[in-house]
Amino acid sequence: MSDIDTKMDGNIILTSIDKILNWGRAGSPWAMGFGLACCAIEMMATGASHFDLDRIGMFFRPSPRQSDVMIVAGTVTLKMASRLVRLYEQMPDPKYVISMGSCSNCGGPYWQYGYHVLKGVDQVVPVDVYVPGCPPRPEALIYGIYELKKKIMKEQHLSKRA
Amino acid sequence: MTEKEIFERLLEKFKDAIGEFNEEVIQPFATIKAAEVEKVCTYLRDNEAFEFDWLSNLSAVHYPHSEEEQAEQKEDELEVVYHLYSFKHNHKMILKTRVPVSNPKIPSVAMLWRTADWHEREAYDLLGVEFTDHPDLRRILLPEDWEGFPLRKDYVTPQTYNNMTVPYPEEKGDLHDE
C-alpha cells in the first residue's frame, strides 16, 4: 500500500489541469540520446547504474517518435546538423532540447578553426537548458535535467499567461 | 631488412622511378615518382624478399611554396606518404611521393591493399589528391556537396553552409579579448 492509498483514502485531490499535465510531463521526460562525441560517454554513464537516470523518470528511447527530450551530447558538425534538425522535427510535441557540453553550446574547442563545426546547436534548434563542461560530469547533466523539470513545471497550457 | 637495404633493392630494380633516401630522420623514407607508385608497391607487396602485406597508413600533406620558391614560380605540392609493414619479415618502409597541386594525380593502391580505399578517399576529401583507378573516389568525411579541400594551407573557411553560419556568431559574445 502506497501513501496515496493509506493517507488519502476516500479523499479527493484538487489541482489545476496545468499542474497535473506539467507533473506528468516533468515526471517522465524520455530522452532521445543524441550522442555525438565524448559527451555521449558521460551521458551513457549518467544512464548507467551508478547515477541511474531511471530514478528521475528518464530513459533513452531509440526513436524520436517516442521521446520528449533531445540531449545533444557532443560536437555538432555541419553535416550532422541537417540530420539533427530532421530528427528534432520528427519528435512529437511537447519537445525539449538539452544542449550538453561546450561543443553543442557554442562550438567548444572548434569555435575558431572548426570549418566543419556548427557553433552551437541553438543555431538550428531551440535549446531549453545548456549544460556547460567539457565534458560535463553526470552530476551536471542531472542538474540540467532537474532545471528542465523546473521549467516544465512552470508551463501554462490552459490558464492565461501572466 | 633495413630501410636502407630495401631502398637499394628498389633502386636496382626501378632506377629512375626511385628518388633519394633520407635516414637522418627517426623514420627513414624513400621518395618515389608519383606515376610509378603502383608498380613499386606491387613489387614490394608480392616479392618474397619484402612481402609488405600491410599498409599501416596512407596520408597526405600540402606543401605550399616558400617565398623563394615563389620567385622561381614553383608550384605548391601535395605529398602522399605510404607506411608499409610486413608481418612476415617484421620490417617496415616509408615511401613518399609528390605531385603538383594543379595536376594531383597518383595511381591508386586500393587494389593492392583494400585498406587504402578509405585512406585514399580521406586524402581526396581533405586535400584533393586524385587517385586514378580508385574504385570509388568520393568524399568520405565531409558532406558530398562540400566545396574545396579544407586541409590545404590556402583553404578559406566558408561563411555559410546550407544556410548555417560557419564562423563563430557575434551574438555569442567576443572571445577575442585577452
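Note: the structure precedes this text.
Conventions adopted
Per-chain numbering applies: the sequence of each chain, read as written, is numbered from 1 onward. Chains carry letters from A onward and ligands carry numbers from 1 onward, assigned in written order. The predicted origin of the model limits local features to residues at a pLDDT of at least 70 and limits the giving and counting of side-chain atom pairs to 80 or more, whereas totals for whole chains, interfaces and linings rest on all residues. Side-chain measures were taken over the full set of non-hydrogen atoms in the model, leaving aside hydrogen atoms and water. The buried label goes to any residue with under 20% of its type's maximum accessible area, the exposed label to any with over 50%, and the partly exposed label to all in between, with areas taken from a 1.4 Å probe on protein chains only. Numbered from the N terminus, helices here are DSSP runs of H or I no shorter than four residues, and strands are runs of E no shorter than two. In this description, strands pair whenever DSSP reports at least two bridges between them. The crossover handedness rule: strands pointing away from the viewer, path from first strand over the helix to second strand clockwise, crossover right-handed. Contacts were defined at the residue level, with two residues in contact if any of their heavy atoms lie within 4.5 Å. Buried area: the sum, over both parts, of the accessible surface (1.4 Å probe) that disappears when the two are put together. Whenever Lys or Arg places a side-chain nitrogen within 4 Å of a carboxyl oxygen from Asp or Glu, that contact is recorded as a salt bridge. N or O atoms within 3.5 Å of each other form a polar contact, as long as, within protein, one can give a hydrogen and the other can take it, and as long as residues adjacent in sequence are counted only when both atoms are side-chain atoms. When residues are sorted by character, Ala, Val, Leu, Ile, Met, Phe, Trp, Tyr, Cys and Pro go into the nonpolar class, Asp, Glu, Lys and Arg into the charged class, and all the rest, Gly among them, into the polar class. Every axis in this analysis is a line fitted to C-alpha atoms, fitted for helices over the stretch in contact. Angles between the N-to-C directions lie between 0 and 180 degrees. In these notes the angle categories are as follows: under 35 degrees is roughly parallel, over 145 is roughly antiparallel, 65 to 115 is roughly perpendicular, and the rest is oblique. Aromatic pairs are defined between Phe, Tyr and Trp rings, using the six-membered ring for Trp, whenever the two ring centres lie within 6.5 Å; interplanar angles under 30 degrees are classed as stacked, those over 60 as edge-to-face, and all others as tilted. Each ring is checked for a lysine NZ or an arginine CZ that lies within 6 Å of its centre and within 35 degrees of its normal; such an atom marks a charge sitting over the ring.

Q: I'd like a description of the pairing of strand β3 (residues 96–100) of chain A, backed by residues and values.
A: Residues and elements named next belong to chain A. In terms of residue burial, β3 counts as a mostly covered element, since 5 of its 5 residues are buried. Covered by surrounding structure in β3 are Y96, I98 and M100 together with V97 and S99, the residues of both alternating faces. As defined by bridge partners, strand β2 (residues 69–73) adjoins β3 across 5 bridges and the pair is classed as parallel. Bridging from a neighbouring strand, V69 pairs with Y96 of β3. Of the strand pairs in this sheet, β3 and strand β4 (residues 129–131) are connected by 3 bridges, and their pairing is parallel. By the bridge assignment for β4, M100 is matched with V131. Handedness of the crossover joining β3 and β4 through helix α5 (residues 101–106): right-handed.

Q: Explain the interface of chain A and chain B residue by residue, including any values.
A: Facing 17 residues of chain A, the contacting portion of chain B comprises 21 residues. Between chain A and chain B lies a buried interface of about 1,400 Å² when both sides are counted; carbon and sulfur atoms form 67% of it. It is L78, W111 and Y115 of chain A that lose the most area in chain A upon contact with chain B, and together they represent 48% of the buried surface on that side. Counting every contact that joins chain A to chain B gives 0 salt bridges. At the junction of chain A with chain B, the criterion picks out 2 residue pairs in polar contact (both at pLDDT 80 or more). Broken down by element, the residue count for the side of chain A that touches chain B peaks at 3 residues, all from helix α4 (residues 78–90) of chain A. The residue inventory of the side of chain A that touches chain B, partitioned by class, reads 8 nonpolar, 6 polar and 3 charged.

Q: I'd love a proper account of the packing of helix α3 (residues 39–47) of chain A against helix α6 (residues 138–153) of chain A, names of residues and values included.
A: All names here are of chain A. α6 packs onto α3 with a crossing angle of 75 degrees between their chain directions and a minimal axis gap of 9 Å. Relative to α6, the element α3 lies roughly perpendicular. From α3, E42, M43, A45 and T46 reach across to α6, where they touch P138, L141 and I142. Partitioning the contact of α3 with α6 into residue classes produces 5 nonpolar, 1 polar and 1 charged.

Q: Can you tell me about the packing of aromatic side chains, naming the residues and giving the values?
A: This model, assessed by the stated rule, comprises 11 aromatic pairs over all chains. Taking the centre distance of 5.1 Å and the plane angle of 40 degrees together, the rings of W146 of chain B and Y161 of chain B count as tilted. Placement of W146 of chain B in the loop between β7 (130–132) and β8 (160–161) and of Y161 of chain B in strand β8 is noted, with a sequence separation of 15 residues between them. An aromatic cluster is defined as three or more aromatic residues linked by ring pairs; in this entry it consists of Y115 of chain A together with W146, Y155 and Y161 of chain B. Residue placement shows K95 of chain A over the ring face of Y88 of chain A; its charged tip is 4.5 Å from the ring centre. It is R98 of chain B that lies over the ring of Y63 of chain B; its NZ or CZ is 4.0 Å from the centre.

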